[in-house]
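Spelled out, the chains give:
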Amino acid sequence: MKYILTIDRGQTAIKAALCDLMARVLWVESCSCHPIESRYAGWAEQDMNAIWEQAVLAIRKVIQVSGVRSEEIAAVSFSGQGGGNFLVSEEGEPVYPGVLSLDNRHEEVLQELIGSGHTDLPRTVAFMRWLKEKEPEVFGRTRWILGSKDWIRYCLTGEAYADMSDPAIPADLDRGVYLTDCLEEAGVPECRRMIPPLVYASDRCGAVTEKASRETGLLCGTPVVAGAHDMIACSVGAGGNHPGHLTIIMGTMGINIGVVDGKKPLPPPSAPGTSFTFGGISRGMKTATSSIGSGCNTMDYFIRLLFREEEQEARVRGIGVFELLERKLLGRKPGNLIFQPYLLGTFYNSRASAGIWGMTAQTTREDILLALFEGICLSMCMEIRTLEARLQRFDDIWLVGGGSKSRIWGQMFADVLGRPVKIPDTGEVGCRGAAVCAGIALGQYSADSGLPAPEESAVYEPRAEYAQIYEDKFRQYEETYKKLYQEVKGYACDNERDSGQSE
């Protein structure tokens, strides 16, 4: 039997999974990453050599636990967090700590460029301008600008590549080429020689070297595939391979990922930050995303703030606090409170904040708890409607991430959207998406002939009796947001939705 090894690079852990050729996840092992280092306020770095060592440990663990022989592994693929700067020398060594997307040094550059018309530079490019000014020796030694997963792939193969879902600098998604004008605008034209060749996530990018074979236990010559940005891998892992597919990631940030026809030009977002476009895993596929910026992290914050007794009770009973709190709400009808979850603002409105409206002396903690569930769901659905106003309607909807375990959220999304919501049978959709990329590279299937879809562990059907109730509540939620932040331009209001369907 043949298997696919996938490596998922996150900030807190690196996972290694073995999947069959139909992308079913069979074994998963992980290794914790070193904590994020912040030498100065606003900096966010991780040691690149440590990242490779942790990947090696995860690979060896999953091979040992599974009993799979190295010659049975047909290919290696990846998923990983995007938006960072992992810089490598001509000799293949790190020249600087890995700079994460959380790092804000790029903001210094953008502040300098305010008024020059170049304030929309991507963070990866703006950081290179910072590096050129502050640490010119490091800048001069840089040969490749890579992402975090690209660095691990480089260690396996000795070859540098970037994929269309997570390029080092902006790319033309229709032509599959870099847009290098931003390098001139940022004052770093030298970076033209630092950007690696651009491929699709399902393209082969070399093979395991003898050195990497000795370190990992993988067979020398095993094909290595590019892999994808973790968001895009999650979409593919949830079956996102056709227009009209939507993946709702109920994780830390709360992210929506819609698949659209890659052969059609996409209209721009209504305002900067309201949605982002990424390349798909193969030519002819594109994805568009939106995020509330405050998903499960907001729920966790308020649980710690308001439900400490339940946390203690859950520990005593040996269950999760989330499960305990859900039991208190099952069967309750929609509430009367309005909760806005924006603890960290949004990508397009830094002034947005969290708050609860409509409380009285009769408001109970259960009322507040229900409002938390509703507010996060409604804000996600507000972003989905904005995404649909820009692109198209999404009818194949999958809920993934830690929040997908919530029966309340699963049913609530179905009721608010008025469409079935499916839950996949694996919690490792990112690993599954990376395996699909490898399956395409191996010729097991193609985007044209159809990619393997995940099995459903649950399907939530919309309830007709709640349709109008939630539509009224959605309008109330939306109006509250507009009254608070009506100066935010470009938000998809009612009129835009009525006439703004572009596809």
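Residues numbered from 1 in each chain as written. Predicted model: local features only at pLDDT ≥ 70, side-chain atom pairs only at ≥ 80, totals over all residues. Heavy atoms only, no water.

Asker: An account of the nonpolar core is requested, with residue identities and associated values reported.
Answerer: The biggest cluster of nonpolar side chains holds 54 residues, and the ones touching the most others in it are Ile 248, Met 250, Phe 373, Trp 409, Met 412, Phe 413 and Val 416. The leading source of residues in this core is helix H12 (residues 365-390), at 14 residues. Each residue touching Phe 373, except ones within four places of it in the same chain, is listed here: Met 299, Phe 322, Glu 326, Leu 329, Ser 406, Ile 408, Trp 409 and Met 412. Membership of the second largest hydrophobic core comes to 37 residues, among which are Leu 5, Ile 7, Leu 100 and Val 208. (Core = buried A, V, L, I, M, F, W, Y, C linked by side-chain atoms within 4.5 Å. Buried < 20%, exposed > 50% of the residue type's maximum accessible area, 1.4 Å probe, protein only. Helix = DSSP H or I, 4+ residues; strand = E, 2+ residues; numbered from the N terminus. Contact = heavy atoms within 4.5 Å.)

Asker: Quick rundown of the side chain of Ser 66? Include the residues and the values.
Answerer: When you line up the elements, Ser 66 lands in helix H1 (residues 48-66). Note on Ser 66: relative accessible area 14%, which makes it buried. In contact with Ser 66, other than residues within four places in its own chain, are Leu 18 and Trp 27.

Asker: Just give me the short version of empty space enclosed by the protein, but keep the residues and values in it.
Answerer: If you walk through the whole model with that rule in mind, you get four cavities of 30 Å³ or more. Taken as a whole, the largest cavity holds about 70 Å³ of empty space. Surrounding the largest cavity, Gly 82, Gly 83, Gly 84, Thr 124, Ile 145, Leu 146, Gly 147, Asp 150, Asp 166, Pro 167 and Ala 168 form its lining. The volume enclosed by the second largest cavity comes to roughly 60 Å³. (1 Å grid on protein atoms, 1.4 Å probe; cavity = no way out; pocket = protein on both sides within 12 Å on 5 of 7 lines; lining within 4 Å. Points joined across faces, edges and corners; volume = space filled by probe spheres on them.)

Asker: Go over unusual backbone geometry with me, naming the residues and quoting the values.
Answerer: In this structure, Ala 23 is a non-glycine residue whose phi angle is positive, near 70 degrees. The topology assignment puts Ala 23 in the loop between strand E2 (13-19) and strand E3 (25-32).

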